[in-house]
Amino acid sequence: MGEFEAIGDAVTGGIIGRAVEPKAGESADGHTHETNCLNCGAALAGPYCHECGQHAHVHRTLSAFFHDFLHGVLHFEGKIWRTLPLLVWKPGLLTRAYIDGQRARFLSPVALFLFGVFLTFAVMGLAGALKAPNFKNGNAQIETLNARALKDRNIKPETLDLETTGLVSWVREPLEKARQNPELLFYKLKTNAYKFSWALIPISVAFVWLLFPFSRRFRLYDHAVFVTYSLCFMMLLLAAATLIGFVASPIASLAWLVPPLHMYRQLRGAYGVGRWGGIWRAAALSIFAFIAVSLFISLLVGIGEFD
């Protein structure tokens, strides 16, 4: 049943992504042809009603229904084929074009992000990538991590008191819960990652702002578009690498080399920085990305605790 749920997640993601995406410049094959808007009755003079904005022609055939279904879920036509090549090879150009107002030509970062989230989790679900680890030796693992926590704080075990014990409770309690019911914990982590993936955007925007502090040219909106498109690419890369890993693990492992290069190209195209400016910012952004993901995982762990 998990495989069917994963596929359903991908379909749902496409539908949601489609729901928030404007339908500018798209065809209406398989639809009826009306002279007046079926919603408000205004005379039609184009593909959309100038009074209420509804599409001029509505579908009334089964073939048109499935055409709209495929078009809505997978976005076979138009924008997807203009967006994905730029996202992969010229992400900076895509980011700058969208910021500058070219909205009808490309998928919005929000629509692509929503679809990417569902697609990534669907692929990872099919691949079994979110299975809980082995907790057979849970007690030994707990004691080892507690010992490391004590050592990091230069605390000798024989000097432990109630206050000191409280210092390492943050290590003991989550692991104890995981040992007792690892399946439930990791199910909650998976569910929370699925639900709160959007939190990566504001977390990451704060770090990108640090690359251009107090800039009057680049605003938070620019950073938000940059971050969202970047996250879209990283999720699609993860999904692709997961699938490739089934047949060629060595090739899939090379995916770790792609993000810094992609960040470099996106920084240069989106912000117009020079080669050196792109290099040091891409290096810093790689570190920031690791920190952002760590913060996100910490958030999930905090939300995922259960009684």
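Read on for an overview of the structure. Treat the numbers as computed from the prediction; the structure is a model and nothing was measured. (Residues numbered from 1 in each chain as written. Predicted model: local features only at pLDDT ≥ 70, side-chain atom pairs only at ≥ 80, totals over all residues. Heavy atoms only, no water.)

Considered for burial, the residues of helix H3 (residues 79-89) that qualify are Lys 79, Ile 80, Thr 83, Leu 86 and Leu 87. One face of H3 carries all of its buried residues, which in axial projection span an arc of 150°. Projecting away from the buried face of H3 at angles above 90 degrees are the exposed residues Trp 81 and Trp 89. Of the surrounding secondary structure, the elements contacted by the buried residues of H3 are helix H4 (91-99), helix H5 (109-127), helix H11 (220-244) and helix H13 (258-271). (Buried < 20%, exposed > 50% of the residue type's maximum accessible area, 1.4 Å probe, protein only. Helix = DSSP H or I, 4+ residues; strand = E, 2+ residues; numbered from the N terminus. Arc of directions from axis to C-beta. Contact = heavy atoms within 4.5 Å.)

What follows is about the packing of aromatic side chains. Each aromatic ring pair is summarised here by two numbers: the centre-to-centre distance and the angle between the ring planes. This model, assessed by the stated rule, comprises 8 aromatic pairs. Between the aromatic rings of Phe 218 and Tyr 271, the centroid separation amounts to 4.8 Å while the plane-to-plane angle is 90°, which identifies the pairing as edge-to-face. With Phe 218 in the loop between helix H10 (200-209) and H11 and Tyr 271 in helix H13, the pair connects residues that are 53 residues apart, well separated along the chain. Here Phe 218 and Tyr 271 have matching classes, each one buried. Both rings, one in Phe 226 and one in Tyr 271, keep their centres 5.3 Å apart while their planes meet at 50°; by these two values the pair is tilted. (Phe/Tyr/Trp six-rings, centres within 6.5 Å; stacked < 30°, edge-to-face > 60°.)

A few words now on the nonpolar core. Core analysis: the biggest nonpolar cluster contains 50 residues, and Phe 226, Tyr 229, Leu 267, Tyr 271 and Leu 285 have the highest contact counts within it. Where this core is concerned, the elements lending two or more residues are H3, H4, H5, H10, H11, H13 and helix H14 (275-304). When residues in this core are grouped by element, the largest group, 11 residues, is from H11. Excluding residues within four positions of it along the chain, Tyr 271 makes contact with Val 208, Phe 212, Arg 217, Phe 218, Asp 222, His 223, Phe 226 and Gln 266. Counting 5 residues, the second largest nonpolar core, distinct from the first, contains Ala 42, Leu 44, Cys 49 and Ala 56. (Core = buried A, V, L, I, M, F, W, Y, C linked by side-chain atoms within 4.5 Å.)

Moving on: the pattern of salt bridges. Across all of its chains, the model carries 2 salt bridges by this definition. Connected through salt bridges with shared partners, the residues Arg 96, Asp 100 and Asp 222 form a single ionic network. (Salt bridge = Lys/Arg side-chain N within 4 Å of Asp/Glu carboxyl O.)

Further remarks concern the packing of H4 against H13. At their nearest, the axes of H4 and H13 sit 6 Å apart, and the two run at 40° to each other. What the angle tells us is that H4 and H13 run oblique. In this structure, the crossing between H4 and H13 has a hand that is right-handed. Along the contact surface, H4 presents Pro 91, Gly 92, Leu 93, Thr 95 and Arg 96, while H13 presents His 262, Arg 265, Gln 266, Gly 269 and Ala 270. A breakdown of the residues in the contact of H4 with H13 according to their chemical character gives 3 nonpolar, 5 polar and 2 charged. (Axes fitted to C-alpha atoms, helices over the stretch in contact; angles between N-to-C directions. Parallel < 35°, antiparallel > 145°, perpendicular 65-115°, else oblique. Left-handed = near helix turned anticlockwise from the far one by under 90°. Nonpolar A, V, L, I, M, F, W, Y, C, P; charged D, E, K, R; others polar.)

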